[in-house]
Amino acid sequence: MTAPKKTRHAAQEPGVRTKLFIADETIGLGKINLLALLGEAGSISAAARQMGMSYRRAWFLLDSMQSGFRDPLFVTERGGSSKGGAKLTPLGEDLIRRYRAHVALVDDQSADILSWMRAVQIGQNDD
């Protein structure tokens, strides 16, 4: 008896994901992008909207990331007549810069193996 034939899907591009671990938390591209959008927009709710998520979800992700650091990554100001907002601290800016530099380094160092993986991946030249 032969095994059932697997359904083929479009081949996904090989890649590498960078995830950092600090204290009991993880930091990946999504959290970094959210933090960067917070800095650009000056607001957690605006950053959440740009990422297509709820304010509650964005706050949870930012708060969980923050819990791994001794000093704040961002500061908030409550609403009211001044409309509140959020601002990155130098530590938050440094985290974004260092994460992106690390990702660029890993991507550069991974070019050879990713090229090889594209060549040997199922769905490539299998016609």
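Each helix and strand in the chain was counted, giving four helices and four strands. Taken across its 127 residues, the chain has 29% of its residues classed as buried. With an accessible surface of roughly 9500 Å², the chain has 52% of that area assigned to carbon and sulfur atoms.

As a further point, take the confidence of the model for the chain. Close inspection of predicted coordinates is inappropriate for parts of the model with low pLDDT. Averaged over all residues, the pLDDT of the chain is 88; the fraction at 70 or higher stands at 84%. Averaged pLDDT values over the elements of the chain bottom out at 92 in strand β3 (residues 74-77) and peak at 97 in helix α1 (residues 29-41).

Take the nonpolar core next. L35, L38, L62, M65, F74 and L95 are the most contacted members of the largest nonpolar core, which totals 22 residues. Counting only elements with at least two residues in this core, the list comes to α1, α2 (44-51), α3 (55-66), β4 (85-88) and α4 (90-120). Broken down by element, this core gets its largest block of residues, six residues, from α1. Residues within four places of F74 in sequence aside, it is in contact with L35, L38, I44, W59, L62, Q66, K87, L88 and T89.

The next subject is the pattern of salt bridges. All chains considered together, the criterion is met by three salt bridges. Its salt-bridge partner being R97, residue D94 comes within 2.5 Å of it at the nearest N-O pair. Of this pair, D94 and R97 are both found in helix α4, three residues apart, which corresponds to roughly one turn of the helix. Taking the relative accessible area as the measure of exposure, D94 reaches 24% and is therefore partly exposed. D94 serves as the salt-bridge partner of R98, at 3.0 Å between the closest nitrogen and oxygen. On the criterion of helical spacing, the pair formed by R98 and D94 is a turn pair, its members being four residues apart in helix α4. Because the salt bridges share partners, they merge into one network encompassing D94, R97 and R98.

How each quantity is defined
- Residues numbered from 1 in each chain as written.
- Predicted model: local features only at pLDDT ≥ 70, side-chain atom pairs only at ≥ 80, totals over all residues.
- Heavy atoms only, no water.
- Helix = DSSP H or I, 4+ residues; strand = E, 2+ residues; numbered from the N terminus.
- Buried < 20%, exposed > 50% of the residue type's maximum accessible area, 1.4 Å probe, protein only.
- Areas by Shrake-Rupley, 256 points an atom, 1.4 Å probe, with all protein chains shown as cover.
- pLDDT = per-residue confidence, 0-100.
- Core = buried A, V, L, I, M, F, W, Y, C linked by side-chain atoms within 4.5 Å.
- Contact = heavy atoms within 4.5 Å.
- Salt bridge = Lys/Arg side-chain N within 4 Å of Asp/Glu carboxyl O.

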